[in-house]
Amino acid sequence: MKKIHTDGILLDIDGTLWDSRALVAEGWNRALKLFGIQKEPLTAEIMKPLFGKTMDIIAQELFADVPKDKLIPLYSECFRQEALVLKENTKDLTYDGVIRTIKNLSRNYKIFIVSNCQSGYIELLLEKTKLAPYINDFECYGNTDKGKAFNIRLLADRNKLKAPVYVGDTQGDYEATNEAGVPFIWASYGFGHPEKYIGKINKFSQLEDIVE
C-alpha cells in the first residue's frame, strides 16, 4: 500500500481505539431504570449504529418517546452511569495493538483524538489506558457543541498541522474528514463501511506501516 505522508495522526475512539458498547449500554440501562422508563434493554448491538453520532442525534433516535422535560436530566444520568460503569471496569476494552502502536507512533508523529463524544469521555479513555502522555491534544462535541468536521479542522489548525490524517471506522467519519479537508484512513475492524478512504487498516498496528 502506498505510504501516506502526515505530520499529525487524528484518531476516532469507538470502533477505532476500543469497543465500549456493552458497558455503555449497561450504564444507560441503569439510568433508564432510575427514571422508571420501561424500554427494551439496550445492548451492544443496539448501540452499534449509534456510536459516532453526536449526542443530540442519539437522543432523537433512542428517546423520541421520552417527555421533553425528562430528556436532558435522563441524558445527563445516562452519561453519569456510563462513566461509573467504565470506571468500575477492569477489562481492557482496546483493540489488539492499540496501546503499543500509539506509543510507537508517538516517537515520530503527533497523536490526537477527535470524537463526537461528551466531555470527559476522552479523559476517561486516557485514564483507563494510561495513554495521556502520548496524546498531544484532543477535542470533542461535548466541549465545542460542534460536530466532528468542525473539531477536526479546529484541532488541526490549533496545532498548526500541514498534513493531518484521520483514522476512523464509519461513513460519518469519512464525511467529516471530507468536509474538513483531511485524508481518511479506514479502520475496517470497527463499526462501519465508509464509501471512500485513502488507506485501510485491518488491525490498528498496521497504521505504523502506512504512514510516513
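**Q** Got a minute to help me understand the overall build of the protein chain in this structure?
**A** Within the protein chain one finds 10 helices and 6 strands. Relative to a compact globule of 212 residues, whose C-alpha radius of gyration would be 17 Å, the protein chain shows 17 Å and is just as compact. Each principal axis of the C-alpha atoms in the protein chain carries an extent, and together these give about 55 × 35 × 30 Å. Within the structure as shown, the protein chain displays about 10,400 Å² of accessible surface, and the carbon and sulfur contribution to it stands at 50%. Of note, the protein chain has its 28 positive side-chain charges centred 3 Å away from the centre of its 30 negative side-chain charges.

**Q** Help me understand the pairing of strand E1 (residues 8–11) in this model?
**A** Regular strands place their side chains on alternate faces of the sheet. Burial along E1 is two-sided: the face carrying Gly-8 and Leu-10 and the face carrying Ile-9 and Leu-11 are both buried. Bridge count between E1 and strand E2 (residues 110–115): 4 bridges; the pairing is parallel. Paired with Ile-9 across the strands is Ile-111, a residue of E2.

**Q** Quick question: what am I supposed to make of the sheet that holds strand E4 (residues 164–168) here?
**A** Strand pairing in a sheet is mediated by backbone hydrogen bonds. Such pairs are either parallel or antiparallel. Read across the open sheet, the 6 strands follow the order E3-E2-E1-E4-E5-E6; overall the sheet is parallel. Of all the strands in the sheet, just strand E3 (137–140) and strand E6 (199–201) have a single pairing partner and so form its edges. Neighbour-to-neighbour, the strand axes of this sheet turn through a mean angle of 20 degrees, independent of strand direction. Pairing of E2 with E3, which is carried by 4 bridges, proceeds in the parallel orientation. Bridge pairing links Phe-112 to Asp-137 in E3. Each of E2 and E3 touches helix H6 (residues 121–129); the most contacted strand, E3, lies at about 140 degrees to it.

So, how was this worked out
Residues numbered from 1 in each chain as written. Predicted model: local features only at pLDDT ≥ 70, side-chain atom pairs only at ≥ 80, totals over all residues. Heavy atoms only, no water. Helix = DSSP H or I, 4+ residues; strand = E, 2+ residues; numbered from the N terminus. Rg over C-alpha atoms; globule rule 2.2 N^0.38 Å. Areas by Shrake-Rupley, 256 points an atom, 1.4 Å probe, with all protein chains shown as cover. Lys, Arg positive; Asp, Glu negative; His and termini not counted. Charge placed at Lys NZ, Arg CZ, Asp CG, Glu CD. Buried < 20%, exposed > 50% of the residue type's maximum accessible area, 1.4 Å probe, protein only. Pairing = 2+ DSSP bridges. Axes fitted to C-alpha atoms, helices over the stretch in contact; angles between N-to-C directions. Contact = heavy atoms within 4.5 Å.

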